[in-house]
Amino acid sequence: MDYLHRASEKLYVGLSREGEIASPKERGMRRDIMEIKNRIDNENCPFGYRLLYSGSKREGFRLESSDSDIMFWPKSHKVICDSSQGRYYNFQNSTLILMESDHKFPGYVLLQLLNDSNKPDVIFACFHMNSGRYISSSTYCNIMCSFLGGPGSVPHGPCFSTTLGKNNFDLAFCFKSDFWPTQALPWIGRCENWPPPHMVRDIISGGCHVVPIGHRSSLYEKTEWRISFSHAEHKVVDCLSHCQFLCFILLKMFLKEVLKKETKELPLCSYHMKTVLFWVIQKNIIPEWYPQNLLECFQICFETFINYIYHGVCPNFFIPENNMFFGKVYGNVQHNLYQQLVSLKRMWPSCLLLSPSMEKQLRRYSNFPIPFDLQVRLPEPKFDCEYFFEIFAYTCYQIKIIFNPIKSLQALEKILKDKNFTFTKYQKTFMQVYASEVFRILAFETSSYCGNASNKSRYLLEMRSDEILRLSRKFGFLSTSLYEALFLYQTNRYRKAVKVLECLKIEMFKNSVIYRYTIDDSAYAEAVKELPWSIRLNRNVVTDIVLDSDLIYLSELSLEQEASKKNILPAIGIPPFVMLYFLLVLCYRRVNARKARGALADLFSFLNNDVGEYVPSEFRNISWQILGICQELTDHKEAALVSYKKAVEEEIQVNQISEAAIKRIDRIQSGQLY
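Now for a quick tour of the structure.

Rules used throughout
Residues numbered from 1 in each chain as written. Predicted model: local features only at pLDDT ≥ 70, side-chain atom pairs only at ≥ 80, totals over all residues. Heavy atoms only, no water. Helix = DSSP H or I, 4+ residues; strand = E, 2+ residues; numbered from the N terminus. Rg over C-alpha atoms; globule rule 2.2 N^0.38 Å. Buried < 20%, exposed > 50% of the residue type's maximum accessible area, 1.4 Å probe, protein only. Contact = heavy atoms within 4.5 Å. Phe/Tyr/Trp six-rings, centres within 6.5 Å; stacked < 30°, edge-to-face > 60°. Salt bridge = Lys/Arg side-chain N within 4 Å of Asp/Glu carboxyl O. Expected span 1.5 Å × (residues − 1). Arc of directions from axis to C-beta. Polar contact = N/O pair within 3.5 Å; in protein donor to acceptor, adjacent residues only side chain to side chain. Pairing = 2+ DSSP bridges. Core = buried A, V, L, I, M, F, W, Y, C linked by side-chain atoms within 4.5 Å.

Some remarks on the overall build of the protein
Right, so step 1: A count of helices and strands for the protein gives 28 helices and 17 strands.
Right, so step 2: A compact globule built from 674 residues would reach a C-alpha radius of gyration of about 26 Å, and the protein, at 28 Å, matches this within 12%.
Right, so step 3: Expressed as lengths along the three principal axes of its C-alpha atoms, the size of the protein is roughly 80 × 70 × 55 Å.
Right, so step 4: Put simply, the protein has 674 residues, and 58% of those count as buried.
Right, so step 5: For the protein, the share of sequence-separated contacts (at least 6 apart) that also reach a separation of at least 24 residues comes to 69%.

Comments concerning the packing of aromatic side chains
Right, so step 1: Overall, the coordinates contain 48 aromatic pairs when judged by the stated rule.
Right, so step 2: Ring centres 5.3 Å apart and planes at 55 degrees place the aromatic pair W180 and F229 in the tilted group. Note that W180 is positioned in the loop between β11 (175-177) and α6 (185-190) and F229 in the loop between β13 (225-228) and α8 (230-238), a separation of 49 residues in sequence. Residues W180 and F229 agree in their burial class; the two are buried.

With respect to the pattern of salt bridges
Right, so step 1: With the rule as written, the count across this model stands at 29 salt bridges.
Right, so step 2: A salt bridge links E413 to K417; the nearest nitrogen and oxygen atoms lie 3.3 Å apart. Here E413 pairs with K417, and both are found in helix α16 (residues 405-417), just 4 residues apart, close to one helical turn.
Right, so step 3: A residue is classified by how much of its surface remains accessible, and K417, at 58% relative accessible area, is exposed.
Right, so step 4: For the salt bridge of D635 with K637, the shortest nitrogen-to-oxygen distance reads 3.5 Å.
Right, so step 5: The class of D635 is exposed, set by a relative accessible area of 61%.

Description of helix α25 (residues 593-609)
Right, so step 1: In a regular helix each residue adds 1.5 Å, so 17 residues correspond to 24 Å; α25 covers 24 Å between its end C-alpha atoms and thus fits that length.
Right, so step 2: All of the buried residues in α25 are A596, A599, L600, L603, F606 and L607. Along the long axis of α25, the arc covered by the buried residues comes to 130 degrees, so they all point the same way. For α25, the exposed residues set more than 90 degrees away from the buried face come down to R594 and N609.
Right, so step 3: Among the structural elements, α24 (576-591) and α26 (620-633) are those in contact with the buried residues of α25.
Right, so step 4: With a side-chain oxygen positioned 3.2 Å from the backbone nitrogen of R594, the residue opening α25 is N592.

Observations regarding the pairing of strand β12 (residues 208-211)
Right, so step 1: On β12, burial covers both faces: C208 and V210 on one face and H209 and V211 on the other are all buried.
Right, so step 2: As paired elements, β11 and β12 share 3 bridges and run antiparallel to each other. Residue F175 lies in a different strand from β12, and its bridge partner there is V210.
Right, so step 3: Judged from the 3 bridges that link them, β12 and β13 form a sheet pairing that is antiparallel. Across the sheet, the residue bridging to V211 is R226, located in β13.

Side note on the environment of L52
Right, so step 1: With respect to the helices, strands and loops of the structure, L52 is situated in strand β1 (residues 49-54).
Right, so step 2: Note: C-alpha distance between L52 and R470 (418 residues apart in sequence) is 33 Å.
Right, so step 3: Leave out the neighbours within four places in its chain, and L52 touches N38, D69, I70, M71, W73, H209, S230, H231 and H234.

Some details on the environment of L11
Right, so step 1: Tracing the sequence through the fold places L11 in helix α1 (residues 2-17).
Right, so step 2: A relative accessible area of 0% places L11 in the buried class.
Right, so step 3: Taking the C-alpha atoms as reference points, L11 and E484, 473 residues apart in sequence, are found 46 Å from one another.

Considering the nonpolar core
Right, so step 1: With 207 residues, the main nonpolar core has F175, W289, F388 and I574 as its most contacted residues.
Right, so step 2: Filtering out sequence-adjacent residues up to four positions away, I574 remains in contact with D544, I545, L547, L557, M579, I622 and I626.
Right, so step 3: In this structure, L52, W73, C159 and A172 belong to the second largest nonpolar core, which totals 7 residues.

Quick notes on unusual backbone geometry
Right, so step 1: With omega at -5 degrees, the peptide bond leading from W194 into P195 counts as cis.
Right, so step 2: Tracing the sequence through the fold places P195 in the loop between α6 and α7 (197-205).
Right, so step 3: For N130, which is not glycine, the phi torsion reads 50 degrees and is therefore positive.
Right, so step 4: When you line up the elements, N130 lands in the loop between β6 (126-129) and β7 (132-135).
Right, so step 5: A positive phi angle, close to 55 degrees, is found at R516, a residue other than glycine.
Right, so step 6: Along the chain, the position of R516 falls in the loop between β14 (514-515) and α21 (521-527).

Here's the deal with the pairing of strand β3 (residues 77-80)
Right, so step 1: The alternating pattern of β3 places H77 and V79 on one face and K78 and I80 on the opposite face, and all of these are buried.
Right, so step 2: Two strands pair when backbone bridges link them, and β3 and strand β4 (residues 95-100) are joined in this way by 4 bridges, in the parallel orientation. Residue pairing for β4: I80 is matched across the bridge by L98.

Structure follows, in structure tokens:
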């Protein structure tokens, strides 16, 4: 037993310190960021839709396999559980949809349209039955996928999966009910001990969703919808203790790294593990959850799961009559899975070592002291890295994917004026950087109108863009100044751009600067001592440069942006240090040829000597490409050919610019001028 207690402590501390998992502090930070982002995006979501972020990233995970799910629904369409609830809505402004659930598959419903809809997708998905109009789930899902999915989108249950850059998303177009469903009313009575009463009230007031997928054994499979409790599940996960949260992580790891490794077509997912955990907690099978019994808690959840497999029943947490194993875990699949689980149970606890992630954590702390009080205190510099990278991930690349920058500013203003909303310390800094990104995009959008403008209008537009970029720099990261230099180059103010770049060259290469997870802890801690996050990121954090595909930033990168746009990517990402040298070469080429050669030599040396510290693997291709452009511009064509070929040969092609590199190679080989 002592061994299990020590192993539990090692896992508790190890998982809490891993950036991709979460310490309690990181969980709170990630939850706050997702909450404010969800709120901002709902304020400016187009076409009268609302959205909800879900999936494991919403729950606080940052594993490689963590998914991003987004649920969309039309704000004007209201799902009601019985006809009497229709009195809460105005028929003229709302489309009412009645949830019909009087058939034999709990958790699934038919949707009857009670009045006219103004959404063509809803109208085309309607069919007539029993003198009423109903919305077909399969037709609706297919319509939304064909219109909004884009190339490469594939159906995935009630969603369709799509890729944006290196991020995978599951998009579900659904409908929302402001009411707690009748089928789930008994759940309220079960919540005597857990979740706490205030959370139960919050969950019930949030209602539910219906997503477009039917029960596989139902005669109405193509037309019925499944009740989704995504909003409720977020709330339940948020009230997990840290030990319970880590137990959920262990269950997910065991499923992915042990069970699925042995059985590739395993009909199980992390949702089943989450359900097991919820039931174990609510039934109070484990009276106390604490770090020393983490593995005992995991073992009890694991044995509960085995019992579910034995009986072929996994009751939904909110509607237990809905067996989530129905049609999935039965016959040979059930028998083989049960035998596999029983053999693993006999190996307890050595079966834990079959999971590479668990083994790593157990071995990692074999020779390191574990904190006496088991309080995981992530060093401040490491936490700042996590925090700033999280902010960057949810601001850059995303503002222009769906939303209009002007509407984004209006959304920020509306939220700031809301006296009923209290910002957390994490949300305040997020809002600041979000505003910086909106200003950056607005500045370059404004300058894009200069092409056909008169001299006076062009001057006024440039001055307006300058002013907006200064605001962006004031609120943004240290590297935001690179956009200012880029704009000065774009508007032929080369000497001013050089001044900005030479200052940045000093600031960006200080030991106290953070780039992704590259950091000198002691130098950073000394430099930012007692400074608020808003100033820390402004002085000491550099981030990737993002060039949106539908705006021309540099004519020298027009081919790359065209290739990116052709591949339906929202932007090109460039390492900030590569961008710094690139702009120095471009600017000095206009004012000082000798210094241009020096900047090119610096870029060549920097890129060839980097071992992934400042040029991430996913951006090696664009970095070689930029080196080749600089070499070609300075008449080093043979060297440029080598660089372009390296860009094509890079294994990771996140930016998808190979087509541009091939065009540049062909141009040089055919003797065309740049």
